[in-house]
Amino acid sequence: MPAATSKKELIAACEKEYDLLQACLEPVDDKLAMKTYEDETSIRDVIVHRAHWIDLFLKWYADGEAGRTVHIPAKGYKWSELKAYNAKVREDTASVSWRAAKNRLKRGHAKLMAFLESHSDAELYGKPMTGHDKWTTGRFAEASGSSHYRSSTMFVRSFQRNHKG
């Protein structure tokens, strides 16, 4: 799927992919949500992770706008250390229930959509996001929103196919 190039396209992509993910999560119960997959990752882990990355994106933006140092992906981590960072996020959120995970994603999505609605095309796509030299704010928002929703839906569907019963 090509990247969005306007606020309207970005909002539509985020809403579409979020709705598809929600429909996919509808039949997932606590037991299935907590069951781990090949790499010891559960559906709950993926959903908590997606909510976390929305918050990271919003923090990057806020830090850049406030003139603070922007730590992408996170303070003390480089992109080459993403696997270790994600493992730490999984460890730090291990006690989050399935219900709480879904609520975190719902709140994260609402915050992301409010952010997108409050910014113009120029603010989202007119220049690189402060703290990054290439990607626009809109591109970061897409990576944290619709792209993550899409990959989550694929993960959940794969999980469901491989964990019947």
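A few points on the structure. All values derive from a computational prediction rather than experimental measurement.

The number of helices and strands found in the protein is eight helices and zero strands. Along the protein, helices and strands appear, N-terminal first, in the series α-α-α-α-α-α-α-α. Dimensions of the protein along its principal axes, counting C-alpha atoms only, are 50 × 35 × 25 Å. Taken across its 165 residues, the protein has 46% of its residues classed as buried. When contacts within the protein are restricted to residue pairs at least 6 apart in sequence, those whose partners lie at least 24 apart make up 72%. Accessible surface, the protein as shown: approximately 9100 Å² in total, 53% of it carbon and sulfur. Within the protein, the 22 negative side-chain charges are centred at a point lying 2 Å from the centre of the 27 positive side-chain charges.

Quick look at the side chain of Arg 50 now. Within the secondary structure layout, Arg 50 lies in helix H3 (residues 43–65). Leaving out residues up to four positions away in the same chain, Arg 50 has contacts with Leu 105, His 148, Ser 151 and Ser 152.

Here we come to the packing of aromatic side chains. One pass over the structure, following the stated rule, counts twelve aromatic pairs. Between Trp 53 and Trp 79 the ring centres are 6.2 Å apart and the planes differ by 20°, which places this aromatic pair in the stacked class. Here Trp 53, found in helix H3, pairs with Trp 79, found in the loop between H3 and helix H4 (82–92); they are 26 residues apart in sequence, far enough to count as distant. Among the residues examined, Trp 53 registers a relative accessible area of 7% and is labelled buried. Accessibility expressed as a relative area gives 44% for Trp 79, which makes it partly exposed. It is Arg 139 that lies over the ring of Trp 135; its NZ or CZ is 4.5 Å from the centre.

The subject of this paragraph is the nonpolar core. Core analysis: the biggest nonpolar cluster contains 45 residues, and Ile 43, Ile 47, Phe 57, Trp 60, Trp 98, Leu 112 and Leu 116 have the highest contact counts within it. Taken together, the elements giving at least two residues each to this core come down to helix H1 (7–25), helix H2 (30–34), H3, H4, helix H5 (98–117), helix H6 (121–125), helix H7 (137–144) and helix H8 (146–162). Per element, the largest residue contribution to this core is eleven residues, and it comes from H3. In this structure, Phe 57 is in contact with Leu 112, Phe 115, Met 129, Thr 137, Phe 140, Ala 141 and Ser 144, ignoring residues within four places of it in sequence.

Now for H5. Here H5 spans 29 Å end to end across 20 residues, near enough to the 28 Å set by a 1.5 Å rise per residue. Residues of H5 that are buried include every one of Trp 98, Ala 101, Leu 105, Gly 108, His 109, Leu 112, Met 113, Phe 115 and Leu 116, and no others. Viewed end-on, H5 has its buried residues packed into an arc of 155°, placing them on one side of the element. Exposed residues lying more than 90 degrees from the buried face of H5 are Arg 99 and Lys 106.

Taking 1.5 Å per residue, 17 residues should reach 24 Å; H8 reaches 24 Å between its end C-alpha atoms and fits that length. Inspection of H8 places Ser 146, His 148, Tyr 149, Ser 152, Thr 153, Phe 155, Val 156, Ser 158 and Phe 159 among the buried residues, and these make up the whole buried set. At its buried positions, H8 is contacted by H1, H2, H3, H5 and H7.

The description of two packed helices rests on the angle between their axes and on the distance between the axes. Relative to each other, H3 and H5 sit at 30°, their axes nearing to 9 Å. Judged by the angle between their axes, H3 and H5 are roughly parallel. Our pair here, H3 against H5, has a crossing hand that is left-handed. Contacts between H3 and H5 pair Ile 43, Arg 44, Ile 47, Val 48, Arg 50, Ala 51, Ile 54, Asp 55, Phe 57, Leu 58 and Tyr 61 from the former with Trp 98, Ala 101, Lys 102, Arg 104, Leu 105, Gly 108, His 109, Lys 111, Leu 112 and Phe 115 from the latter. The class makeup of the residues in the contact of H3 with H5 is 13 nonpolar, two polar and six charged.

Conventions used here
As a convention, each chain's residues are numbered from 1 in the sequence order in which they are written. Since the coordinates come from a predicted model, pLDDT governs what is reported: local features require at least 70, and pairs of side-chain atoms require 80 or more to be given and counted, while whole-chain, interface and lining totals use all residues. Side-chain metrics in this entry use all non-hydrogen atoms of the structure; hydrogen atoms and water are not considered. In DSSP terms, a helix is any run of H or I states spanning at least four residues, a strand is any run of E spanning at least two, and both are numbered starting from the N terminus. Remark: exposure states derive from per-residue accessible area (1.4 Å probe, protein chains only) relative to the maximum for the residue type, with buried under 20%, exposed over 50%, and partly exposed in between. Residues count as neighbours in contact if any of their non-hydrogen atoms are within 4.5 Å of one another. Only the protein chains shown count as cover for residues, with accessible areas throughout obtained via the Shrake-Rupley method and a probe of 1.4 Å. For the purpose of charge, His is not counted, nor are the chain termini; Lys and Arg are scored as positive and Asp and Glu as negative. Taken as the charge centre is NZ of Lys, CZ of Arg, CG of Asp or CD of Glu, depending on the residue. When the centres of two rings from Phe, Tyr and Trp lie within 6.5 Å, Trp using its six-membered ring, the rings pair. Their planes under 30 degrees apart give stacked, over 60 give edge-to-face, and anything left gives tilted. Here, a charge over a ring means that NZ of Lys or CZ of Arg falls within 6 Å of the ring centre while also lying within 35 degrees of the ring normal. For our purposes a nonpolar core is just a set of buried Ala, Val, Leu, Ile, Met, Phe, Trp, Tyr and Cys residues, chained together by side-chain atoms within 4.5 Å. Expected span of a helix, by definition, is 1.5 Å for each gap between consecutive residues, and there is one gap fewer than residues. Arc definition: directions from the helix axis to the C-beta atoms. Throughout, an axis means a line fitted to C-alpha atoms (over the contacting stretch in the case of helices), and angles, computed between N-to-C directions, take values from 0 to 180 degrees. By definition in this entry, angles of less than 35 degrees are roughly parallel, angles greater than 145 are roughly antiparallel, angles of 65 to 115 are roughly perpendicular, and the rest are oblique. For any helix crossing, the convention is left-handed if the near helix is rotated counterclockwise from the far helix by under a right angle, and right-handed if that rotation is clockwise. Under the convention adopted here, Pro, Cys and the residues Ala, Val, Leu, Ile, Met, Phe, Trp and Tyr are nonpolar, Asp, Glu, Lys and Arg are charged, and Gly plus all remaining residues are polar.

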